[in-house]
Amino acid sequence: MVQINFARKEVNCKIVFYGPGMSGKTTNLEKVYENAPDDHKGELTSIATEGDRTLFFDFLPLDLGQVAGMNTKFQLYTVPGQVYYNSTRKLVLQGADGVIFVADSQRKKMDENLESLGNLEENLREYGVDIKDIPLVIQYNKRDMPDVLSVEELEKTLNKWGVPTVEAVAVKGQGVFPTLKALAQMVLDNLNKEYGVAADKGKAPAKPAAASAAGTAAPAPARAGTGTATATPPRGAPSPTAPSPKPAAGPAPKPAPAPARPSGAAPAAPRAPTPAPKPAAPPPKPSPRPAPAPAARAPAATAKPSGLRPAAAPPPPRKPQPQKKSGGMVVVIIIIVLAAAATLAFALLQGGSGGGT
Amino acid sequence: MRDEQKLREQRLVFYRDDMEKIGRHLTEFLKLAGAKCAILVDKEGHMVDKRGESGDFDLDTISALVAGSFAATKEMARILGEEQFTVLFHQGQKESIQLTLVGDRTLLTVIFDESTTLGVVRLYADEVSKKLAVLFEKIKVRGASGAPPEEGISQEFGGAAKTRLDELFGK
């Protein structure tokens, strides 16, 4: 089965060349090896008998290279064609992502073709795979031989499922790449159907968002808009620089902090201290801006409080100020009272002494 | 739908978190066992991860041969009435390989030389296999659950693949 390794950015697929003995499976692999660019192929390994018949399998790793960011590799195997090697044939077939059935076009080989095809169907079934469900391409090989059946006859006899077929003379390299290409395309299309859609649905952002927490948060806000996961924005938000690319067209520096808050619903609390020391001037401006933006996105989450935070931030500095003012008033009043009392006392004293003389 | 479910169960999908855990286990194992290299291979012959010094040998080929070798001995085991052999050992003059089954579909391949002993390798391989088996079981269950993938392949994968195939095999 296809192995997808998102950490290593790798996709590995297993393709098996199947067919009767001497139909040209190993020749197909040899031609792929001969003609594939050096930097795309590994070693061709054969476990063969003295008589050069495949004993276990031939193996060729083929590297397709980077496909949409994933290093895509094919492992090509052939099976031994001889009837008595069925147990090893079955082992090699295990976990195959696609099968190329190499049929011998010669009239006298038709029974062998049919037997091998039936054997393929049966072996797949034993692995719980219906032959109709696995990518399959039939190659009509040895088209240059005398007494070959017409393609129509071959189609009628061998292609019960209406799968793609390719005519070939593998020994001359004809039809080898088109066969492999047809199957590879089917295998990758299958993969794309299953995992390609996932990226569309906004599931992918989960990981990039984690990465954004580490540093590059720039893409996070963009995804937050399209993605369904409300978890994304909080992660993307921690970086205060994130929003800057968003309002690129508008007034650059000031709008920057503004969207940061709306998108960063939850983290607003921890961030509250940062805006304060950071720019002394922006605080007043962000507060009016975030108001419209978060209103749209925030309702579900805790964005509202975060939107309010910048507005709430100024009051604390205000509080001490009134305290200082009222304290001053009290002092003034006390001074006035004391002055009045002193004046009264002085007057009384003067009145008292005058009356005595 | 049933086929899709089956496919998901069979398919191995590894995410960053999985690979970090696997890597930690393998690194720790190498330190304890004194082995040169540890390679995790699935039964289809695809390499999952590798730690240590692998020299210049082709890892894809080693992985395919390891899986093939294991599959072949499974048949031997079956003939003897065993389900499968869980440990295989190939001794060379300088370098040896030990294969240990991890869970039900992954193989831990350990390459080591005379600087350590088979006993030590086997002891720690057995230990780490159990830890890895737990991890792989979680990965399998996650795959079977039909939970949406944590990460996806880019939407452009299909188109890009076609272009690459054209480049490699001609139009």
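Residues numbered from 1 in each chain as written. Chains lettered and ligands numbered in written order. Predicted model: local features only at pLDDT ≥ 70, side-chain atom pairs only at ≥ 80, totals over all residues. Heavy atoms only, no water.

(A) Fine view of the packing of aromatic side chains. Residues and elements named next belong to chain A. One pass over the structure, following the stated rule, counts six aromatic pairs over all chains. Relative to Tyr77, the ring of Phe59 lies with its centre 5.0 Å away and its plane at 50°, an arrangement referred to as tilted. Placement of Phe59 in strand β4 (residues 54-67) and of Tyr77 in strand β5 (residues 70-78) is noted, with a sequence separation of 18 residues between them. Using a relative accessible area of 0% as the deciding quantity, one classes Phe59 as buried. (Phe/Tyr/Trp six-rings, centres within 6.5 Å; stacked < 30°, edge-to-face > 60°. Helix = DSSP H or I, 4+ residues; strand = E, 2+ residues; numbered from the N terminus. Buried < 20%, exposed > 50% of the residue type's maximum accessible area, 1.4 Å probe, protein only.)

(B) Structural context of the side chain of His40 of chain A. Mapped onto the secondary structure, His40 of chain A falls in the loop between α1 (25-35) and β3 (45-48). A distance of 2.5 Å separates the side chain of His40 of chain A from the backbone oxygen of Asp63 of chain A, its partner in a polar contact. When residues no more than four places from it in sequence are discounted, the contact partners of His40 of chain A are Pro61, Leu62, Asp63, Leu64 and Gly65 of chain A together with Arg164 and Leu168 of chain B. (Polar contact = N/O pair within 3.5 Å; in protein donor to acceptor, adjacent residues only side chain to side chain. Contact = heavy atoms within 4.5 Å.)

(C) Structural detail: the sheet that holds strand β5 (residues 96-102) of chain B. All names here are of chain B. Spatially, the five strands line up as an open sheet ordered β3-β2-β6-β5-β4, and their pairing is antiparallel. Either end of the sheet is taken by a strand with one partner, and the two such strands are β3 (47-52) and β4 (87-90). Taken pair by pair, the neighbouring strands of this sheet meet at an average axis angle of 15°, ignoring direction. Pairing of β4 with β5 involves four bridges; the strand directions are antiparallel. Across the sheet, Phe89 pairs through a bridge with Gln98, a residue of β5. Set on the sheet, helix α4 (residues 118-144) makes contact with β2 (37-42), β4, β5 and β6 (106-112); between it and β5 the angle comes to about 30°. (Pairing = 2+ DSSP bridges. Axes fitted to C-alpha atoms, helices over the stretch in contact; angles between N-to-C directions.)

(D) Highlighting the interface of chain A and chain B. With 62 residues of chain A at the interface, the matching set in chain B holds 52 residues. Surface buried jointly by chain A and chain B totals about 5,200 Å² across both partners, of which 60% is contributed by carbon and sulfur atoms. Linking chain A with chain B are three salt bridges, by the criterion used here. Between Lys73 of chain A and Asp60 of chain B there is a salt bridge whose closest N-O contact spans 3.7 Å. Here chain A and chain B share twelve residue pairs in polar contact (both at pLDDT 80 or more) between them. At the level of elements, β1 (3-5), β2 (10-18), β3, β4, β5, α2 (86-93), α5 (176-200) and α6 (206-214) of chain A are the ones that each hand at least two residues to the side of chain A that touches chain B. The element contributing the most residues to the side of chain A that touches chain B is α5 of chain A, with 14 residues. Residues that form the side of chain A that touches chain B fall into these classes: 32 nonpolar, 17 polar and 13 charged. (Buried area = accessible area lost by both parts, 1.4 Å probe. Salt bridge = Lys/Arg side-chain N within 4 Å of Asp/Glu carboxyl O. Nonpolar A, V, L, I, M, F, W, Y, C, P; charged D, E, K, R; others polar.)

(E) Seen up close, the environment of Ile131 of chain A. Residues and elements named next belong to chain A. Along the chain, Ile131 falls in the loop between α3 (110-126) and β7 (136-141). A C-alpha to C-alpha distance of 9.4 Å links Ile131 and Val99, two positions 32 residues apart in sequence. Ile131 has contacts with Leu120, Glu121, Leu124, Leu136 and Trp161, leaving out every residue within four places of it along the chain.

(F) The side chain of His46 of chain B, seen in detail. The topology assignment puts His46 of chain B in the loop between β2 and β3. Classification of His46 of chain B as buried rests on a relative accessible area of 0%. A polar side-chain atom of His46 of chain B sits 3.3 Å from a polar atom in the side chain of Gln75 of chain A.

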